[in-house]
Amino acid sequence: MAALNLSRMALRSSKPLSRPSHLLSVRLQMQMMQSSSPPLTRKMSMDAQNVASLINSSGLLRTQGLIGGKWSDAYDGKTIKVYNPATGESIVDVACMGGRETNDAISAAYDAYRSWSKTTAAERSKFLRKWYDLLMVHKEELAQLITLEQGKPLKESMGEINYGAGFIEFAAEEAKRIYGDIIPAPLSDRRLFVLKQPVGVVGAITPWNFPLAMITRKVGPALACGCTVLIKPSELTPLTALAAAELSIQAGIPAGVVNVVMGNAPDIGNALLASPQVRKITFTGSTAVGKKLMAGSAETVKKVSLELGGNAPCIVFDDADLDVAVKGTLAAKFRNSGQTCVCANRIIVQEGIYEKFANALRDAVQNMKVGDGFSEDVVQGPLINEAAVKKVESLIHDATSKGAKVILGGKRHSLGFTFYEPTVIGDVDSDMRISREEVFGPVAPLLRFKTEEDAIRIANDTNAGLGSYIFTNSIQRSWRVAEALEYGLVGVNEGVISTEVAPFGGFKQSGLGREGSKYGMDEYLEDVYQMQFAQGVSIVSIVKHGYAFALGVLMLHVKLYIE
C-alpha cells in the first residue's frame, strides 16, 4: 500500500516540558501583553512561553498519545516538536508514534466497542454531556492552547471552543433520537423492521486549522451512535486534541472509547487503512490525501466520509447592499487568516458595482490588525508555517504575471515569521492559478462578471463544491442562483454559515458524506433490516406482546423524563 503523504514535519527528539506552578486567566495574559517589554518579537516569544507553562499546570498540556485509557510515549522514544507559528519557536515535544502504536490503539478501540456499543443511548448521552460541560469549564485554557499552536486570534479561538463543544452537546442530545423504522409488510404474518446499529471502530483524521472543532464534529456523533474512535490529529496542532482527550477521561468515558495517536502520518494512516477492525474512516483535509484514503479503504471496504478542499465563490450582484456584502466577504475570506476550507476563494463581482465594492473592501481590509493572537484587537494571526506563505506568494506571483493588479498588501508582513499582509488583488480571471487552487491564505481575488448566467458559470467552473456565498437583495435571484450552484453549502447575504445543527459537506471533489446535524449521525450507523415471521404465534399473543412492548416504551420515556 502506498504511503500517505499526510505530513511534511521533520521528526526530532528532545526532553518533555517541566511543570510550572499556576494558571493565569485570559484577562491577566492580556494585561501582561499590554505592559512595557522588550522588542515585539521577544515579547511574543516570552508570552507564548508563559502561556504554555501556565496551561501545563492545569493538567491539559499532554505530550503522550492515549491508548486504551493510558497515556503512552512512542515505543521507540521518538518525539516531534510542536511550534508556535507566531514566533517560530518550539512549544513542546510530543510522542512521535507510528504503526505499532496505532495497531494497539485499534485493538483497544475494538475491545472497548464490545461494551460501549451495548450501552443505552441515555448512558452515552450523559457521558457526552459531561464532556461538553468540561470543555466549557476549561474553554479559556483550551482557547489559549489553540492560539498558541495554531496562531488564530484569541477571540477566534474562544469562538472555536463554543463551536466545537456545540457538536458534543448536539451529539449528546441526538444520541436519544436515533430511531429505526417499521415497514408495512407485504404479508399479514410478517413484520419488517429497520434497526440502526453503530458502524464499529472509527479512524478520525483531522487537520490543523480547527484543532478542536474538526475533532468534536467527528467524535461526538461517533460516540453517540455507539462507535469507538481513534483520533489522528495533525502533527502541527496535536495539543488541543490531547487536551480534549484528557477531558473525555475526566468525563468518565470508558478506557478505549477515545484513543489518540500522532506522529508518523503515513505509518498511522496505513495502519488504519489495513486493519479490518477499523470499519470507517472520516477525514478532513486536502483532496489529494482524501483520494489516497478513499483508495486505501477499498481494500477492506470501509465506510468513508471525506471533507476535502474547496474553491468557494462569493458572488456580489449589482443589487447587493454594499455594507452587507463587504462585511460578509470579510468574514468569509479572512477568518482564521483565510485558512478554512469554506473561505471565499474567488470574489466574483458584477461589473456595475465592481469599483465601489473593490474600494470598500480595500478600506475595510486596510483596517485589519495583524499580530500575535494573544495581543488585543488582533483580527489576523500568522499562517501555519513557511510552506503556507510560499504557496500564497507563488499564487500571487502567477496572477500578477498574467495581468492581475495588487490593490492592497501582496507581501509578507513586517512582523516577519509567517505573517502575511491582508491582500486584495483585482483583475483576476479564471485561468489564473489563484482561481483554480485553494489559496488558504489572507488573499481576496476579485473577478468581474456581467450577467447572472456568467456568475453561475464562473462559480461552477471548478472540481470543488463545498462552500459558496451570494450577496443580493433579490429573493427570486437568491433562489435561482442558490439552486444552480453546485455546492453543498450556500450562504445568502451571510459570510459565516457553519453550525452544528446543519449538514456540512460538499459536491464533486470536495468530498463525500455530511457532518453535523441529524444527517451527520447517519455516517456512523448501519441500517439493519429484520423480517420476523409470526408462524405458530396467535393473534392474541401478538396483541399482548404489543401492549407489553408499548407499556415498556412508555415507562422508559417516563424514567428519562424524570431523570
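Residues numbered from 1 in each chain as written. Predicted model: local features only at pLDDT ≥ 70, side-chain atom pairs only at ≥ 80, totals over all residues. Heavy atoms only, no water.

Enquirer: Please clarify how the environment of R480 should be interpreted in this entry.
Expert: Along the polypeptide, R480 turns up in helix α16 (residues 475–484). Each C-alpha atom, one on R480 and one on I456, is 9.9 Å from the other, the two residues being 24 residues apart in sequence. (Helix = DSSP H or I, 4+ residues; strand = E, 2+ residues; numbered from the N terminus.)

Enquirer: Would you mind showing me how to read the packing of aromatic side chains here?
Expert: In this description, a pair of aromatic rings is defined by centroid distance and the angle of the planes. Enumeration according to the criterion identifies 4 aromatic pairs in this entry. Here the aromatic rings of W208 and F440 are separated by 5.7 Å at their centres, their planes lie at 85°, and the arrangement is edge-to-face. Note that W208 is positioned in the loop between β7 (201–205) and α7 (213–225) and F440 in the loop between α14 (433–436) and β16 (443–449), a separation of 232 residues in sequence. Just as W208 is buried, F440 falls in that class too. On the numbers, 5.4 Å between centres and 85° between planes, the contact of F317 with F449 is edge-to-face. Placement of F317 in the loop between β12 (312–316) and α11 (322–334) and of F449 in strand β16 is noted, with a sequence separation of 132 residues between them. (Phe/Tyr/Trp six-rings, centres within 6.5 Å; stacked < 30°, edge-to-face > 60°. Buried < 20%, exposed > 50% of the residue type's maximum accessible area, 1.4 Å probe, protein only.)

Enquirer: Which parts of the structure should I look at to understand the nonpolar core?
Expert: As a rule of thumb, soluble globular proteins bury nonpolar side chains together. In terms of nonpolar packing, the biggest core is built from 83 residues, with L128, W131, L135, L223, V229, L239 and L272 touching the most fellow members. For this core, the element with the highest residue contribution is helix α8 (residues 239–250), accounting for 7 residues. Sequence-distant contacts of L135, defined by excluding residues within four places in its chain, comprise L142, I161, A165, I168, L212 and L247. If you look at the next biggest cluster of nonpolar residues, it comprises 32 residues, including L383, A404, A455 and I470. (Core = buried A, V, L, I, M, F, W, Y, C linked by side-chain atoms within 4.5 Å. Contact = heavy atoms within 4.5 Å.)

Enquirer: I'm lost on α16 in this one. Help?
Expert: Because each turn of an α-helix spans 3.6 residues, side chains separated by three or four positions end up pointing in the same direction. Burial in α16 covers these residues: R477, S478 and V481. In a view along the axis of α16, the buried residues occupy a sector of 100°, so they form one face of it. Every exposed residue of α16 that faces more than 90 degrees away from the buried side is listed here: I475, W479 and E483. (Arc of directions from axis to C-beta.)

Enquirer: Is there a simple way to think about the sheet that holds strand β20 (residues 525–533) in this case?
Expert: Across a sheet, paired strands are connected by hydrogen bonds in the backbone, their directions being either parallel or antiparallel. Taken together, the 3 strands give an open sheet; going across it, the order is β5-β6-β20, and neighbouring strands pair in antiparallel fashion. Of all the strands in the sheet, just β5 (181–183) and β20 have a single pairing partner and so form its edges. Each neighbouring strand pair of the sheet contributes to a mean axis angle of 25°, computed without reference to strand direction. Here 9 bridges tie strand β6 (residues 190–198) to β20, and the two strands are oriented antiparallel to one another. The residue bridging V194 from the neighbouring strand is Y529, located in β20. (Pairing = 2+ DSSP bridges. Axes fitted to C-alpha atoms, helices over the stretch in contact; angles between N-to-C directions.)

Enquirer: I keep staring at helix α5 (residues 139–150) and nothing clicks. Help me out?
Expert: Over its 12 residues, α5 extends 16 Å from the first C-alpha to the last, a length consistent with the 16 Å expected when each residue adds 1.5 Å. Summarising burial for α5: 10 of the 12 residues are buried, a large majority. Inspection of α5 places E141, L142, A143, Q144, L145, I146, T147, L148, E149 and Q150 among the buried residues, and these make up the whole buried set. Following α5 by one or two positions, G151 adopts a phi angle in the positive range, close to 100°. (Expected span 1.5 Å × (residues − 1).)

Enquirer: Could you clarify how one ought to interpret the packing of α11 against helix α12 (residues 354–366) in this entry?
Expert: Working note: a packed helix pair is described by the angle between its axes plus the distance between those axes. Direction vectors running N to C along α11 and α12 enclose 55°, while the axes themselves pass 10 Å from each other. Relative to α12, the element α11 is oriented oblique. Between α11 and α12 the crossing geometry is right-handed. Contact residues: L322, A325, V326, T329, L330 and F334 in α11; K356, F357, A360, L361, A364 and V365 in α12. Residue composition of the contact of α11 with α12, grouped by class: 10 nonpolar, 1 polar and 1 charged. (Parallel < 35°, antiparallel > 145°, perpendicular 65-115°, else oblique. Left-handed = near helix turned anticlockwise from the far one by under 90°. Nonpolar A, V, L, I, M, F, W, Y, C, P; charged D, E, K, R; others polar.)

Enquirer: Would you mind showing me how to read the packing of helix α3 (residues 99–116) against helix α9 (residues 265–274) here?
Expert: The N-to-C vectors of α3 and α9 enclose an angle of 35°; their axes lie 8 Å apart at closest approach. When you trace α3 past α9, the crossing you get is right-handed. Side by side, α3 and α9 meet where G99, T102, N103 and I106 of the first sit next to D267, I268, A271 and L272 of the second. In terms of residue class, the contact of α3 with α9 is built from 4 nonpolar, 3 polar and 1 charged.

Enquirer: Honestly, the side chain of K333 in this entry has me stumped. Any pointers?
Expert: Summarising the element assignment, K333 is placed in helix α11. Of the side chains bearing the opposite charge, E438 lies closest to the buried K333, which forms no salt bridge; the N-O distance is 8.7 Å. There is a polar contact of 3.0 Å between the side chain of K333 and the backbone oxygen of V443. Residues within four places of K333 in sequence aside, it is in contact with G338, C343, A344, N345, G441, V443 and A444. (Lys, Arg positive; Asp, Glu negative; His and termini not counted. Salt bridge = Lys/Arg side-chain N within 4 Å of Asp/Glu carboxyl O. Polar contact = N/O pair within 3.5 Å; in protein donor to acceptor, adjacent residues only side chain to side chain.)

Enquirer: When you look at the pattern of salt bridges in this model, what are you seeing that I'm missing?
Expert: Close approach of charged atoms allows side chains of opposite charge to pair. The final tally for this structure, using the stated rule, is 28 salt bridges. Ionic pairing is found between R129 and E169, a salt bridge with its closest N-O pair at 3.0 Å. Taken as a pair, R129 in helix α4 (residues 121–137) and E169 in helix α6 (residues 154–174) lie far apart in primary sequence, 40 residues in all. With a shortest N-O distance of 3.0 Å, R477 and E452 are connected by a salt bridge. Here the residue R477 occupies a position in helix α16, and E452 occupies one in helix α15 (residues 452–460), the gap between them amounting to 25 residues. This pair shows no difference in class: R477 is buried, exactly as E452 is. Through salt bridges with shared partners, a single network forms among R217, K218, E307 and E515.

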